[in-house]
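Close look at the chain arrangement
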Amino acid sequence: MMKTALLIVDMQAEMQRRLDVGRDCVNPGAGDVLAGLVAACRERGVPVLHVRHRTESGAFHPTSPGFPAMACAEAAPGEAIFVKTTSSAFASTDLEAHLRAEGIARLVITGAVAGYCVNSTTRAAKDLGFDCLVVRDAVIGFDLPTMPARPLFDATMALLDGDFARVLDAGEVMDLL
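First, a word on scope: everything that follows refers to the structure included in this document. Along every chain, residues carry numbers that run from 1 in the direction the sequence is written. Given that the model is predicted, a residue must reach a pLDDT of at least 70 before its local features are reported, and side-chain atom pairs must reach 80 or more before they are shown or counted; all residues, however, enter totals for whole chains, interfaces and linings. Side-chain measures here rest on the full set of heavy atoms in the structure, leaving out hydrogens and waters.

Concerning the overall build of the chain
Heads up, the condition is: Each helix corresponds to a stretch of at least 4 residues labelled H or I by DSSP, and each strand to a stretch of at least 2 residues labelled E; elements are numbered beginning at the N terminus. Values of the radius of gyration come from C-alpha atoms, whereas the globule rule sets the reference at 2.2 Å times the count of residues to the power 0.38. Per-residue accessibility, obtained with a 1.4 Å probe over protein chains only, is compared with the maximum for each type, and a residue is labelled buried under 20%, exposed over 50%, and partly exposed between these values. The contact criterion used is simple: two residues touch if any of their non-hydrogen atoms lie within 4.5 Å.
The helix and strand inventory of the chain stands at six helices and seven strands. Listing each helix as α and each strand as β along the chain from the N terminus yields β-α-β-α-β-β-α-β-α-β-α-β-α. In summary, the chain has a C-alpha radius of gyration of 15 Å against a globular reference of 16 Å for 177 residues, a match within 12%. Dimensions of the chain, computed from C-alpha atoms along their principal axes, come out at roughly 45 × 35 × 30 Å. By residue count, 50% of the 177 residues in the chain fall in the buried class. Long-range pairs, those at least 24 residues apart, make up 78% of the contacts in the chain between residues at least 6 apart in sequence.

A look at the pairing of strand E1 (residues 4-9)
Using the following cut-off: Note on pairing: two strands pair once DSSP finds at least 2 bridges between them.
The element E1 is extensively covered by neighbouring structure, given that six of its six residues are classed as buried. Across the two faces of E1 the burial is the same, with Thr4, Leu6 and Ile8 and Ala5, Leu7 and Val9 all buried. Bridging between E1 and strand E5 (residues 106-112) involves six bridges; their strand directions are parallel. Residue pairing for E5: alanine 5 is matched across the bridge by leucine 107. Here E1 pairs with strand E3 (residues 48-53) via four bridges, running parallel.

Overview of the packing of aromatic side chains
To keep things clear, this is the line we draw: Only Phe, Tyr and Trp rings are paired, with Trp represented by its six-membered ring, and only when their centres lie within 6.5 Å; those with planes under 30 degrees apart are stacked, over 60 edge-to-face, the remainder tilted. Either the NZ atom of lysine or the CZ atom of arginine qualifies as a charge over a ring when it sits within 6 Å of the ring centre and within 35 degrees of the ring normal.
Going through the model one piece at a time under the given rule, you end up with one aromatic pair. For the cation-ring pair, arginine 18 lies above phenylalanine 142, with the distance from its terminal atom to the ring centre recorded as 5.5 Å.

Focus on the environment of aspartate 131
By the secondary structure assignment, aspartate 131 is in strand E6 (residues 131-142). Distance in space between the C-alpha atoms of aspartate 131 and alanine 101 is 16 Å, their sequence separation being 30 residues. Once residues lying within four places of it in the same chain are set aside, the contact partners of aspartate 131 are Met2, Ala105, Arg106 and Leu107.

What to know about helix H2 (residues 30-44)
Our working definition: Take the residue count of a helix, subtract one, and multiply by 1.5 Å to get its expected span.
The terminal C-alpha atoms of H2 lie 21 Å apart, and with 15 residues this matches the ideal 21 Å at 1.5 Å per residue to within 8%. Restricting attention to buried positions, one finds in H2 the residues Ala30, Gly31, Leu34, Leu37, Val38, Ala40 and Cys41. Buried residues belonging to H2 abut E1, E3, E5, E6 and helix H6 (170-174). At the exit of H2 stands glycine 45, carrying a positive phi of roughly 80°.

Set out below in structure tokens:
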């Protein structure tokens, strides 16, 4: 059986703030879905990996209130945390080396934001030869100034499902763990 890890991308306090102020989004309950996945993975011995976005200023600066993990994405002792400065979790971290060293071949990808870091991380993972599952209901999508959240999210999921990953809901993924 292929060794699998849960990868949580950018589920940080800034995302919760955006939800709390009512920003147009898809899956405002993704944190609850993710919490269930995290618990199931830990119970089954599936590694849980955390990715955090860091910037030199603004909401994702390490001293900003937006930087810490959301409650659903707090790392347990011993779980790897990768702090990135790029959209993809692979471009500015040693995530790939970690996965290879641990023999992990399949990623269950969750987090924020669908059209940005989840998208680029999934595509990079596939390009590097990893099997990818994206958990549709554990991914948050936000709007753009020129596009509502729903069509952007749906297009992103369709593109990922077309060539880069299998896009499934959490219940389907649980059956594969």
